[in-house]
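Chain by chain, the residues:
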Amino acid sequence: MTLKALIFLCLGGIFFFTPTPTQAGVLEDNHCGSCHRLNAEDTNTNPAGPDLHYAGQKFQPQWLKQFLKKPAVIRPGGLTTDPSFLQGTPDNMSPHPSFSEEDTSKLVASLMNLKSVESNFEPVGTEPLSKGQRAKIKYQFERTFGCISCHQSLNLAGKVRGGVSGPSLVNSGNRLQAEWVNHWLQKPEVFISKSRMPRYKLDALTRDQLTQFLMTLKNENIR
Ligand code: HEC
Ligand code: HEC
């Protein structure tokens, strides 16, 4: 082997074996993977926490920051995969680990890089719902589809109301990405293999308006 070839091989080695400078490491360093699936190939079928391998497609970074600094309960009834689901105190009532400002920024950057599912999400309308449209979709959310029987939401007086078997939707407008919500309502199987949520046959307009309605739900509107 010539010296040139040898040098070439060595450089090739450096090229292939130097880890690319992703920030995924900070999630592993903080043991997030012990409770959350951080990649789609993870075979843990019963993790203690919800999937995060598509976190960059689901959450708003500002919300992630707040949550990791000062965690709040999102699933008051526990995780649907939890053996004690809806049977007394859910395991997840133990407080979520919290982090400093500096660590949080790194964790959030890393979470926003996790994008592991199809990304052909439809755009969601940006024209605000009229008063009439909002009243109609709110009625459908509560009565026609009964979403409120499983999800906490805000009533007309700005009070938190609703069931606890699904994640709280009270702060959806700060927490979730609109396009993600729309896709969840269209194809939940992209994100979860077996969901406890009924599958609704929603036409595109109803789906869009439901999404827009959820995006108006924010903690600051609680009265
Ligand atoms: C001991 C287990 C445990 C560890 C460790 C843990 N989590 Fe969690 N995490 C949970 C549980 C349980 C929930 C659900 C809380 C709820 O719904 O109220 C959760 C919720 C979350 C959520 C909100 C997800 C959603 O869909 O609402 C994010 C984001 C999150 N964790 C990020 C992290 C990060 C980042 C780390 C590592 C720095 C981490 N978690 C470490 C158990 C854990
Ligand atoms: C029978 C209970 C039930 C009903 C009714 C229901 N859901 Fe759900 N929903 C769930 C559960 C449980 C989850 C969490 C995923 C899982 O574990 O299956 C969920 C997840 C969601 C999520 C994702 C939230 C997150 O943070 O991951 C949204 C958005 C949502 N539902 C909206 C709706 C809307 C809109 C309706 C009415 C059209 C509705 N749900 C009706 C139980 C329900």
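Let me begin by describing the structure that accompanies this report. The shown structure was predicted, so the numbers you read here are calculated from the model rather than taken from an experiment.

This part takes up helix α6 (residues 131–144). Taking 1.5 Å of rise per residue, the 14 residues of α6 would be expected to cover 20 Å, and the 19 Å separating its terminal C-alpha atoms lies within 8% of that figure. I137, K138 and F141 are the residues of α6 that are buried. Taken end-on, α6 shows its buried residues confined to a sector of 105 degrees, consistent with a single buried face. Projecting away from the buried face of α6 at angles above 90 degrees are the exposed residues G132, A135, Y139, R143 and T144. Along its buried surface, α6 packs onto α9 (204–215).

Looking at ligand 1, there are 21 residues lining it, with C32, C35, G49, I74 and R75 nearest. For the shell around ligand 1, the secondary structure elements donating two or more residues are α4 (61–69) and α5 (101–112).

A55, L64, L111, L114, V181 and L214 are the most contacted members of the largest nonpolar core, which totals 30 residues. Taken together, the elements giving at least two residues each to this core come down to α4, α5, α6, α8 (178–186) and α9. When residues of this core are assigned to domains, at least three fall in each of domain 1 (25–112) and domain 2 (131–221). Filtering out sequence-adjacent residues up to four positions away, L114 remains in contact with L38, L52, H53, Y54, A55 and G56.

A word on the site of ligand 2. Taken together, 20 residues lie near ligand 2, and C147, C150, G166, S195 and M197 sit nearest. Where the shell around ligand 2 is concerned, the elements lending two or more residues are α8 and α9. Residues of the shell around ligand 2, tallied by class, amount to twelve nonpolar, seven polar and one charged.

What follows concerns the packing of α8 against α9. Between α8 and α9, the shortest axis-to-axis distance is 9 Å and the interhelical angle comes to 135 degrees. One element, α8, and the other, α9, form an angle in the oblique class. In this structure, α8 crosses over α9, and the sense of that crossing is right-handed. Taken together, the residues of α9 that come into contact with α8 (itself represented by A178, V181, N182, L185 and Q186) are R207, D208, L210, T211, L214 and M215. Classifying every residue of the contact of α8 with α9 gives six nonpolar, three polar and two charged.

Now for α4. When α4 is considered as a whole, its buried residues turn out to be L64, F67 and L68. Buried residues along α4 cover an arc of 90 degrees about the axis, so they all sit on one side.

The geometry of α6 relative to α9 is characterised by a closest axis approach of 10 Å and an angle of 95 degrees between their N-to-C directions. Between α6 and α9, the crossing angle belongs to the class labelled roughly perpendicular. Between α6 and α9, the residues in contact are Q133, R134, I137, K138 and F141 and Q209, L210 and F213, respectively. When the residues that make up the contact of α6 with α9 are grouped by side-chain class, the tally is four nonpolar, two polar and two charged.

So, about the environment of K106. Along the chain, K106 turns up in helix α5. Residue K106 is classed as partly exposed on the basis of its 17 C-beta neighbours within 10 Å. The spacing of K106 and L27 is 79 residues in sequence and 8.8 Å in space, taken between C-alpha atoms.

The rules behind each value
The numbering scheme is per chain: residues are counted from 1 as the chain's sequence reads. Written order decides the labels, with chains lettered from A and ligands numbered from 1. Local features in this predicted model are restricted to residues of pLDDT 70 or higher, and side-chain atom pairs are both shown and tallied only at a pLDDT of 80 or more, whereas totals for entire chains, interfaces and linings draw on every residue. Only DSSP runs of H or I covering at least 4 residues are called helices, and only runs of E covering at least 2 are called strands; the numbering of each starts at the N terminus. Given a helix with a known number of residues, its expected span is that number minus one, times 1.5 Å. Three exposure classes are used. Buried residues have 20 or more other C-beta atoms within 10 Å of their own C-beta, exposed residues have 12 or fewer, and partly exposed residues fall in between, all C-beta atoms being placed from the backbone. The arc refers to the directions leading from the helix axis to the C-beta atoms. C-beta atoms are placed from the backbone for every residue, and two residues are taken to be in contact when these atoms lie within 7 Å. Each residue receives a C-beta atom placed from its backbone. It is near a molecule or strand if this atom lies within 6 Å of it. Only buried Ala, Val, Leu, Ile, Met, Phe, Trp, Tyr and Cys residues enter a nonpolar core, and they are joined through C-beta atoms within 7 Å. Residue ranges assigned to the domains are those given by an automatic or database domain assignment. Throughout this entry, Asp, Glu, Lys and Arg are counted as charged residues, while Ala, Val, Leu, Ile, Met, Phe, Trp, Tyr, Cys and Pro are counted as nonpolar. The remaining residues, Gly among them, count as polar. To get an axis, fit a line to the C-alpha atoms, keeping to the stretch in contact for a helix; angles then go from 0 to 180 degrees between the N-to-C directions. Angles are sorted into four bins: roughly parallel if under 35 degrees, roughly antiparallel if over 145, roughly perpendicular if 65 to 115, and oblique for all others. Note on convention: near helix rotated counterclockwise from far helix by under a right angle means a left-handed crossing. Clockwise means right-handed.

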